[in-house]
Amino acid sequence: EKFEHFKGQVTLSKVRTLQIFATGEMEKPGAMVVSALSTPLHALYRAGGPTSRGSMRNIKVWRNSKVIAQLDLYKYFLSGDMSQEITLESGDTIFVGTVGPRVDVKGEVIRPAKFELANEKTLADVLAMAGGIDSDAYTRRVKVYRWQGTERRMILDVGTAHDSKAFSEFAVIGGDEIEVEKAIEEVGNVVTIEGPVQKPGEYSVVRGSTVRQMIDRAGG
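Scope of this entry: the structure provided in the associated data block.

Definitions and cut-offs
Residues numbered from 1 in each chain as written. Predicted model: local features only at pLDDT ≥ 70, side-chain atom pairs only at ≥ 80, totals over all residues. Heavy atoms only, no water. Helix = DSSP H or I, 4+ residues; strand = E, 2+ residues; numbered from the N terminus. Rg over C-alpha atoms; globule rule 2.2 N^0.38 Å. Contact = heavy atoms within 4.5 Å. Pairing = 2+ DSSP bridges. Axes fitted to C-alpha atoms, helices over the stretch in contact; angles between N-to-C directions. Salt bridge = Lys/Arg side-chain N within 4 Å of Asp/Glu carboxyl O.

1. Quick notes on the overall build of the protein chain
In terms of helices and strands, the protein chain carries five helices and twelve strands. Here the C-alpha radius of gyration of the protein chain, 29 Å, is well above what a compact globule of 220 residues would show, namely 17 Å. Taking the principal axes of its C-alpha atoms as reference, the protein chain extends roughly 90 × 70 × 30 Å. Sequence-distant contacts in the protein chain: of pairs separated by 6 or more residues, those separated by 24 or more amount to 51%.

So this is what it looks like as structure tokens:
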């Protein structure tokens, strides 16, 4: 207010530190000292992340005996969603619970992997997590192998040939193995022209094509 033309610069020379605790199914659980600017994602990275038994979708931040945040790492990894981030305070505890029900997606999808289920209920939800069906997939059916307890496993065919809602109406359960097969590679609309023509080889054919038309296409 007194020096209208004054220009200054402020530098943060030191950031205070916090002591927090990482518990549950983590690679390196225990107490750790982090910067006051750290978030739960930073702390999880320092702790090595969840183990193979740990959940990536049920991570809680406790403060004063209350859960103040619940994190779903799939939001980070699959869509880059950072809306769950909070600032940590000294004494906070980050707890990783045990892994929830999982499904195994194989075959012609963009991102084949084992996925932990949270709010996903249908085959369409699971395929969306897998990045969708690849362009060279056979879309007339998707195979789902399901465990039956004391009985033999069951195979279920889910198809889209006559029902566009088939994927969104099929309910998945933990343990399902989902396989998307490769499409038929053999070309179906082709004829081969050989002999004394200008351009022998393979040509596409449509219903109603005649021999004369094909020979003309080959240069006569």
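Further notes follow.
2. Comments concerning the sheet that holds strand S2 (residues 30–35)
The five strands lie next to each other as S2-S1-S5-S3-S4, forming an open sheet whose pairing is mixed. In this open sheet, the two strands that pair with only one neighbour each are S2 and strand S4 (66–71). Across the sheet, the mean angle separating the axes of adjacent strands is 30° when strand polarity is ignored. In this sheet, strand S5 (residues 93–98) lies alongside strand S3 (residues 54–63) in antiparallel orientation, the contact comprising five bridges. Bridging from a neighbouring strand, Gly54 pairs with Thr98 of S5.

3. Some thoughts on the pattern of salt bridges
Scanning all chains against the criterion turns up 13 salt bridges. Between Glu25 and Arg53 there is a salt bridge whose closest N-O contact spans 3.1 Å. Residue Glu25 is found in the loop between strand S1 (17–24) and S2, and its partner Arg53 is found in the loop between helix H1 (40–46) and S3; the two are separated by 28 residues along the sequence. The residue Lys106 makes a salt bridge to Glu177 at a minimum N-O spacing of 3.8 Å.

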